[in-house]
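# Notes for the structure review
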Amino acid sequence: MQNIEIAKRAGVSPATVSRVLRNSPGVSQKAIDKVRNVLEKQGYRLDVRRKRGGGAFKNRSVAFLVLNKDVLQPYSAVFAQTVDGVESALAELGVSLIYAKSYSAQTLPHQVRDGAVDGLILTGLNPREDVVARLSGVPSVWLCSHHEQGQAVVLGGNQAIGRVAAHHLIERGHKHLAVLNALPGYPALNVRCEFFEYYARQSGCLSVQSFIQDKQKNLSHGSLDELIGGVGEMIDRMLESNPRPTGLFIPIDSQVAMAYEHLRSHKIDVGHEMELIGCDNDKMALMGLYPKPATIEIDAVAIGRRAVQELVWRIENPQEKSQSVSVSVEPTLIVASD
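Residues numbered from 1 in each chain as written. Predicted model: local features only at pLDDT ≥ 70, side-chain atom pairs only at ≥ 80, totals over all residues. Heavy atoms only, no water.

Quick look at the packing of helix H7 (residues 158-171) against helix H8 (residues 187-202) now. Between two packed helices, both the angle of their axes relative to each other and the distance between the axes serve to describe the pair. Between H7 and H8, the shortest axis-to-axis distance is 7 Å and the interhelical angle comes to 45°. Between H7 and H8, the angle is such that the two are oblique. The way H7 lies across H8 gives a crossing that is right-handed. Where H7 approaches H8, its residues Asn158, Gln159, Ile161, Gly162, Arg163, Ala165, Ala166, His167, Leu169 and Ile170 are matched on the opposing element by Ala188, Val191, Arg192, Phe195, Phe196, Tyr199 and Ala200. (Axes fitted to C-alpha atoms, helices over the stretch in contact; angles between N-to-C directions. Helix = DSSP H or I, 4+ residues; strand = E, 2+ residues; numbered from the N terminus. Parallel < 35°, antiparallel > 145°, perpendicular 65-115°, else oblique. Left-handed = near helix turned anticlockwise from the far one by under 90°. Contact = heavy atoms within 4.5 Å.)

Here it is, written out as structure tokens:
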């Protein structure tokens, strides 16, 4: 009897059937009983022994799936560091990693389609519904603000990032602050901006302004040139404002580097007339900028490793998988020495 037929009779997914037959962790006892009942009616006997502890993961596999296109991802050192964190944590457990960009159900790795993975680490805003449907029932952890009901999400402490950025500029003596973002399609960046404004206003700044790109332009799926142009538009708007801010928070370092170019084209003395702070401690993005702006370290490697830790817990505790969990890694301020 094929897995699809077993799944239909048991009322579970083919992926669940495959994982039960392989004695994988992370399958509820209820699902195991359903599959066992179907098989026993056909004269088969299913022997399922629950395994626990680190040894249970040796020679198993986890898929890291990117579920949507992202204009910054090919250039992001932070994303690469997150993957490194996931890979190193899985290697310590003896777990193999399957990495793939899957923008449709047809492009999912065959191991995922066949239910031959024990868990999923997912990223990508607004993935297609057919993709999400094919992944249901497998223990999962998300590495972005999008996540499904009952699943976990591990992020970089975005509320705290806004607080750290505001406090830094205020401690540097700035009374007129602003936040600038050309990528409003990223919920994580929006949270950073919103909490920057909140903490800046709470601290009694004379003015706090927001320069955010129109969401309708959706530059997250555009080209890099379009994003650079979007940052330029926001810089132009900011320089026309009154009062002109002297302290500026940009929630991702790649946009900080773009902002430097536009500010200098307007003859702005960056670091004196206007001081910037970014986020992600993306050394490649900030390389060559002078004076070096402050940034905020989110410890992307730790985020990747924390995602694996959460995934392992969910695989070993399938009865808890209906609970949503949000985990944040605390950020730290990085100030360049003079």
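All right, on to the side chain of Glu297 then. On the secondary structure map, Glu297 appears in strand E10 (residues 295-297). Buried charge Glu297 goes without a salt bridge, the closest partner of opposite sign being Lys283 at 4.8 Å. In terms of polar contacts, Glu297 uses its side chain to reach the side chain of Asn281, at 2.7 Å. (Buried < 20%, exposed > 50% of the residue type's maximum accessible area, 1.4 Å probe, protein only. Lys, Arg positive; Asp, Glu negative; His and termini not counted. Salt bridge = Lys/Arg side-chain N within 4 Å of Asp/Glu carboxyl O. Polar contact = N/O pair within 3.5 Å; in protein donor to acceptor, adjacent residues only side chain to side chain.)

Before going further, it helps to spend a moment on the pairing of strand E5 (residues 152-155). Residue alternation in E5 divides its side chains into two sets, Ala152 and Val154 and Val153 and Leu155, and both sets are buried. Pairing between strand E4 (residues 140-142) and E5: two bridges, direction parallel. Within E5, the position partnered with Trp142 by the bridge is Val153. (Pairing = 2+ DSSP bridges.)

So, on to the nonpolar core. Generally speaking, soluble globular proteins have nonpolar side chains that are buried together. Ranked by internal contacts, the top residues of the largest apolar core, which has 47 residues, are Leu65, Leu120, Leu135, Met238, Leu263 and Leu276. Broken down by secondary-structure element, the contributors of at least two residues to this core are strand E1 (61-66), strand E2 (96-101), strand E3 (119-123), helix H6 (129-135), E5, strand E6 (176-181), helix H9 (224-239) and helix H10 (253-265). No other element matches H9, which puts six residues into this core. Once you skip the residues sitting within four places of it in the chain, Leu65 turns out to touch Ala100, Ser102, Leu108, Pro109, Val112, Leu120, Ile121, Leu122, Thr123 and Leu135. (Core = buried A, V, L, I, M, F, W, Y, C linked by side-chain atoms within 4.5 Å.)

This brings us to the packing of aromatic side chains. One pass over the structure, following the stated rule, counts six aromatic pairs. Ring geometry for Phe195 and Tyr199: centres 6.2 Å apart, planes at 40°, overall tilted. Taken together, the residues Phe195 and Tyr199, both in helix H8 and four residues apart, mark about one turn of the helix. Note on Tyr198 and Tyr199: the rings are 5.2 Å apart at their centroids and 75° apart in plane angle, and the pair reads as edge-to-face. Through a chain of ring-to-ring contacts, the aromatic side chains of Phe64, Phe79 and Tyr99 assemble into a single cluster. (Phe/Tyr/Trp six-rings, centres within 6.5 Å; stacked < 30°, edge-to-face > 60°.)

All right, on to the confidence of the model for the chain then. For the chain, per-residue confidence averages 85 on the pLDDT scale, and 84% of positions sit at 70 or higher. Taken element by element, the predicted model of the chain shows its lowest mean pLDDT in strand E11 (residues 325-328) (62) and its highest in strand E8 (residues 247-249) (98). Low pLDDT, under 50, characterises residues 49-54; the stretch is placed with 13 contacts to residues that sit more than four places away or in other chains. (pLDDT = per-residue confidence, 0-100.)

At their nearest, the axes of H9 and H10 sit 9 Å apart, and the two run at 55° to each other. Taken together, the axis directions place H9 and H10 in an arrangement best described as oblique. Every pair of crossing elements has a handedness; the one defined by H9 and H10 is right-handed. For the pair H9 and H10, contact is made by Leu224, Leu227, Ile228, Val231, Gly232, Ile235, Met238 and Leu239 and by Gln255, Met258, Ala259, His262 and Leu263, respectively. Across the contact of H9 with H10, the residue classes tally to ten nonpolar, three polar and no charged. (Nonpolar A, V, L, I, M, F, W, Y, C, P; charged D, E, K, R; others polar.)

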